[in-house]
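Reading the structure
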Amino acid sequence: EGGRARAQELVEGTLGPLLRHDARTRGQLVATLDAYFGCGGNVARAARQLPVHVNTMHLRLTRIGELLGPDWRERDRSVELNLALVRDE
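About the criteria used
- Residues numbered from 1 in each chain as written.
- Predicted model: local features only at pLDDT ≥ 70, side-chain atom pairs only at ≥ 80, totals over all residues.
- Heavy atoms only, no water.
- Axes fitted to C-alpha atoms, helices over the stretch in contact; angles between N-to-C directions.
- Helix = DSSP H or I, 4+ residues; strand = E, 2+ residues; numbered from the N terminus.
- Parallel < 35°, antiparallel > 145°, perpendicular 65-115°, else oblique.
- Contact = heavy atoms within 4.5 Å.
- Nonpolar A, V, L, I, M, F, W, Y, C, P; charged D, E, K, R; others polar.
- Buried < 20%, exposed > 50% of the residue type's maximum accessible area, 1.4 Å probe, protein only.
- Lys, Arg positive; Asp, Glu negative; His and termini not counted.
- Salt bridge = Lys/Arg side-chain N within 4 Å of Asp/Glu carboxyl O.
- Core = buried A, V, L, I, M, F, W, Y, C linked by side-chain atoms within 4.5 Å.

**What to know about the packing of helix α1 (residues 2-25) against helix α5 (residues 75-88)**
Two elements in contact, α1 and α5, have axes whose closest approach is 9 Å; the angle formed by their N-to-C orientations is 105°. When the interaxial angle is binned, α1 and α5 end up roughly perpendicular. Counted together, Ala 7, Leu 10, Val 11, Thr 14, Leu 15 and Leu 19 of α1 and Glu 80, Leu 81, Leu 83, Ala 84, Leu 85, Arg 87 and Asp 88 of α5 form the full contact between these two elements. Of the residues belonging to the contact of α1 with α5, the class tally is 9 nonpolar, 1 polar and 3 charged.

In structure tokens, the structure reads:
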């Protein structure tokens, strides 16, 4: 029970802005982030996986950066985001 609560805190604290955006707009930012990381940061491959146009992928990644801050692609932050994505499944 305590572990589940901690996992939920991690997800909310890390992905909260994206989760709220997606809930409000029926967006796909969490799925976009998951695909981006799952494809090793390869935007074209992630776009094909979703499937969306590569320009749509770039727009979504820009929006993710606006919501999470400019450091979301840096190593430590991306590890934290990846962990939260796994916990959110």
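Having seen it, we continue.
**Quick word on the side chain of Arg 60**
Topologically, Arg 60 is positioned in helix α4 (residues 54-68). The buried charged residue Arg 60 lacks any salt bridge, with Asp 22 as its nearest oppositely charged partner at 7.9 Å. Sequence-distant contacts of Arg 60, defined by excluding residues within four places in its chain, comprise Gln 28, Leu 29, Thr 32, Leu 50 and Val 52.

**A word on the nonpolar core**
Membership of the largest hydrophobic core comes to 21 residues, with the highest contact counts inside it found for Leu 15, Leu 18, Leu 33, Ile 64 and Trp 72. Elements represented by at least two residues in this core include exactly α1, α2 (29-38), α3 (43-49), α4 and α5. Looking at which element gives the most residues to this core, the answer is α2, with 6 residues.

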